[in-house]
Amino acid sequence: MSPHTHQSDENAGSLRERMSRSLDGLSVPGDLPGAVLTAGRRARRRRRLAATGGTLGVAALAVAVVWPLAGGADDPTPVGSPEGTTGWATSPDPGQASVPGATTSDPGVPTPGIPQYSEPAPGEAHGWWNRTARQMFAVLEERLPEDMTIEDAYPEFADQVGVLVVRTDSPVGRGTIELRLSAPGERSNDMRCEAYAWAWSKAERDLYNAECRELTDAGGEVVGRVISTDAREAGGQLRDHTVELRTEDGGIVSGSVANTVDEKWYPNSPASAELPPLTVPQIENLLRDPIWTTGES
Amino acid sequence: MRSRSRHDAEFAEFMAARADRLFRSAMMLTLRRADAEDLVQTTLVKVYASWAKVRRAEDPVAYSHGILHKTFLSERRRRSSGEVPVGEQFDQADPDAGDPADRIALFEALGELAPLDRAVVVLRHWEDLSVVQTAEALGLSEAAVKNRSLRALRVLRAGLDDPHLNGAQ
């Protein structure tokens, strides 16, 4: 039983599509994240001060009452604990990953190298990520299985840097492959499934039946993740895989495949094949090819 | 120091992933870009200030959307100013985003709804919450959610000239 009625509800689906069509691409202003962080820190300080001040006020009042009873200033009864005022401290949550099937790394260990959102992305700097869709196309085409052909590439990305979306055909059926090269600092490179889970609501995770698996290096550090969805249980048709790998310099190479040739991937996107065009190991092999990060194409 | 850095990094990741979605919900609630920006900023500041609590919630995304809706309805109660006619609302809308004609029609139709009905529509049909979840989020009974949803969809059907919107709850 699914709580998501829009799957089976034509009326709701129609309204939702209308909303999507109307709002697609609408984004917050670029300076909003910075403003939020600034205002948020200020708010947190204010709340901390208010909490501390409030407790001190109570403590002072209690001391004033207690002193005469306790015999004077030499024997002040401790009242109130400053520990009670530290509710805003962020101790790591020893909780579990909230994505079904996720493996967890120790969330108490700070992940090194997580960039601040407000850091400028070095998009202008030269690097392996500065590859146009046309260049990426040439690299991808050479590495696809022999029985797979590229039907077309999304033209709107042709001259963009670091993103390529193609429709493919193979004995598996038709599908879509999307590749992205992200410069260090452009996106958070925290590859833990926990970080991914925050980006999805529980409703979305249920709807897409999403699972996340962390990829670790020999030392056990989380350096990538695999996210797979299968919307069939919720009445949809979409199945897709996404593999994200953190590069040594902190960038990200990622690839997604889906069993639909629709531009947008929704749970109810019509399936063009039973399976996505590539398996997870095939995507991993493709992304681990050093050609993506050596700048040679 | 390390804790604060981690706090900020986690929150920044969350914000990067969810801000646009929150903004689109806010646009449908407020019907005005400037108000939507204010609403999202206020919401995210609240989420930031409570991040230690939010991150431990079973569903941090739903939690943040709950804050957005509560803030919207609370602002509506506090403000005495009415809404601006739809024609004046979209002069600053991003021309590259979505279909402008569709958006104007949608917002005109949403503008016909009472704020609480609009919130019901956004939660039920944009954020995919069930009747029970919507009722909990807005502090309404399930029957009230169904009634408001039916009424709202009737209005939207007329406004959008969409015969498919014929009574989903």
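Shown above is the structure to which this text applies.
Residues numbered from 1 in each chain as written. Chains lettered and ligands numbered in written order. Predicted model: local features only at pLDDT ≥ 70, side-chain atom pairs only at ≥ 80, totals over all residues.

S.K.: Sorry, what's going on with the overall build of chain A here?
M.R.: Looking only at helices and strands, one finds 7 helices and 7 strands in chain A. Sequence-ordered secondary structure for chain A, helices as α and strands as β, is α-α-α-β-β-β-α-α-β-β-β-β-α-α. Split into buried and exposed, the 297 residues of chain A put 35% on the buried side. Of the contacts formed within chain A by residues at least 6 apart in sequence, a portion of 59% connects residues at least 24 apart. (Helix = DSSP H or I, 4+ residues; strand = E, 2+ residues; numbered from the N terminus. Buried ≥ 20, exposed ≤ 12 C-beta atoms within 10 Å, placed from the backbone. Contact = placed C-beta atoms within 7 Å.)

S.K.: Is there a simple way to explain the overall build of chain B in this structure?
M.R.: Of the regular secondary structure elements, chain B holds 8 helices and 0 strands. Listed by position from the N terminus, the elements making up chain B come as α-α-α-α-α-α-α-α. Across the 169 residues in chain B, those meeting the buried criterion constitute 49%. A separation of at least 24 residues holds for 58% of the contacts in chain B among residues at least 6 apart in sequence.

S.K.: Quick question: what am I supposed to make of the nonpolar core here?
M.R.: Core analysis: the biggest nonpolar cluster contains 51 residues, and Phe 23, Ala 26, Val 40, Leu 44 and Tyr 48 of chain B have the highest contact counts within it. Among the elements that line this core, the one with the most residues is helix 1 (residues 2–30) of chain B, at 12 residues. Discounting residues that sit within four places of it in the chain, Val 40 of chain B has contacts with Val 28 and Leu 32 of chain A together with Ala 19, Leu 22, Phe 23 and Ala 26 of chain B. Core analysis: the second largest hydrophobic core is formed by 32 residues, Trp 129, Met 136, Leu 164 and Leu 238 of chain A among them. (Core = buried A, V, L, I, M, F, W, Y, C linked by C-beta atoms within 7 Å.)

S.K.: Would you take a moment to explain helix 2 (residues 33–49) of chain B for this structure?
M.R.: For an α-helix, the turn length of 3.6 residues means that residues three or four places apart are oriented alike. All names here are of chain B. In this model helix 2 runs 24 Å from its N-terminal to its C-terminal C-alpha over 17 residues, within 8% of the 24 Å that 1.5 Å per residue would give. Counting buried residues along helix 2, 12 of its 17 residues qualify, which places the element largely inside the surrounding structure. Taken as a whole, helix 2 has its buried residues at Ala 36, Glu 37, Leu 39, Val 40, Gln 41, Thr 42, Thr 43, Leu 44, Val 45, Val 47, Tyr 48 and Ala 49. (Expected span 1.5 Å × (residues − 1).)

S.K.: Would you take a moment to explain the sheet that holds strand 6 (residues 239–246) of chain A for this structure?
M.R.: Within a beta sheet, neighbouring strands are joined by backbone hydrogen bonds and run either parallel or antiparallel to one another. Residues and elements named next belong to chain A. One open sheet holds the 7 strands; their spatial order is 1-2-3-7-6-5-4, and the pairing between them is antiparallel. Two strands bound the open sheet, and with one partner strand each, they are strand 1 (149–153) and strand 4 (211–216). With direction set aside, neighbouring strand axes in the sheet form an average angle of 20°. Where helix 3 (residues 133–143) meets the sheet, its contacts fall on strand 1, strand 2 (163–170) and strand 3 (173–182), and the angle it forms with strand 2 comes to roughly 35°. In the packing of helix 6 (residues 280–288) onto the sheet, contacts are made with strand 5 (222–230), strand 6 and strand 7 (252–258), and the angle to strand 6 comes to roughly 30°. (Pairing = 2+ DSSP bridges. Axes fitted to C-alpha atoms, helices over the stretch in contact; angles between N-to-C directions.)

S.K.: I'm lost on the environment of Pro 276 of chain A in this one. Help?
M.R.: Residues and elements named next belong to chain A. Position of Pro 276 relative to the elements: it lies in the loop between strand 7 and helix 6. Classification of Pro 276 as buried rests on a count of 28 C-beta atoms within 10 Å. Between the C-alpha atom of Pro 276 and that of Val 172, which follows or precedes it by 104 residues, the distance is 7.8 Å. Once residues lying within four places of it in the same chain are set aside, the contact partners of Pro 276 are Gly 175, Arg 239, Asp 240, His 241, Val 257, Ala 258 and Asn 259.

S.K.: Any chance you could explain unusual backbone geometry here in plain terms?
M.R.: The phi angle of most residues is negative, glycine excepted, and most peptide bonds adopt the trans form. Residue and element names in this part refer to chain B. For Leu 31, which is not glycine, the phi dihedral falls at a positive 65°. The residue Leu 31 is located in the loop between helix 1 and helix 2 in this model. Phi at Asp 128 takes a positive value of approximately 60°, unusual for a residue other than glycine. Within the secondary structure, Asp 128 is located in the loop between helix 6 (115–126) and helix 7 (131–138). Classification of Asp 128 as buried rests on a count of 21 C-beta atoms within 10 Å.

S.K.: In this structure, what is going on with the pairing of strand 2 of chain A? I would like to understand it.
M.R.: Walk down a regular strand and you will see the side chains alternate between the two sheet faces. Residue and element names in this part refer to chain A. When strand 1 meets strand 2, the two strands line up antiparallel, connected through 4 bridges. What sits directly across from Thr 149, in strand 2, is Asp 169. Bridge count for strand 2 against strand 3 is 8 bridges, and the pairing is antiparallel. Residue pairing in the sheet places Arg 167 in a bridge with Thr 176 of strand 3. What sits between the antiparallel neighbours strand 2 and strand 3 is a turn of 2 residues.

S.K.: Hey, could you run me through the packing of helix 7 of chain B against helix 8 (residues 142–160) of chain B in this one?
M.R.: Residue and element names in this part refer to chain B. Packing of helix 7 against helix 8 brings their axes to within 8 Å, and their N-to-C directions diverge by 105°. The orientation of helix 7 relative to helix 8 falls into the category roughly perpendicular. Counted together, Val 131, Val 132, Thr 134 and Ala 135 of helix 7 and Glu 142, Val 145 and Lys 146 of helix 8 form the full contact between these two elements. Considering only residue class, the contact of helix 7 with helix 8 consists of 4 nonpolar, 1 polar and 2 charged. (Parallel < 35°, antiparallel > 145°, perpendicular 65-115°, else oblique. Nonpolar A, V, L, I, M, F, W, Y, C, P; charged D, E, K, R; others polar.)

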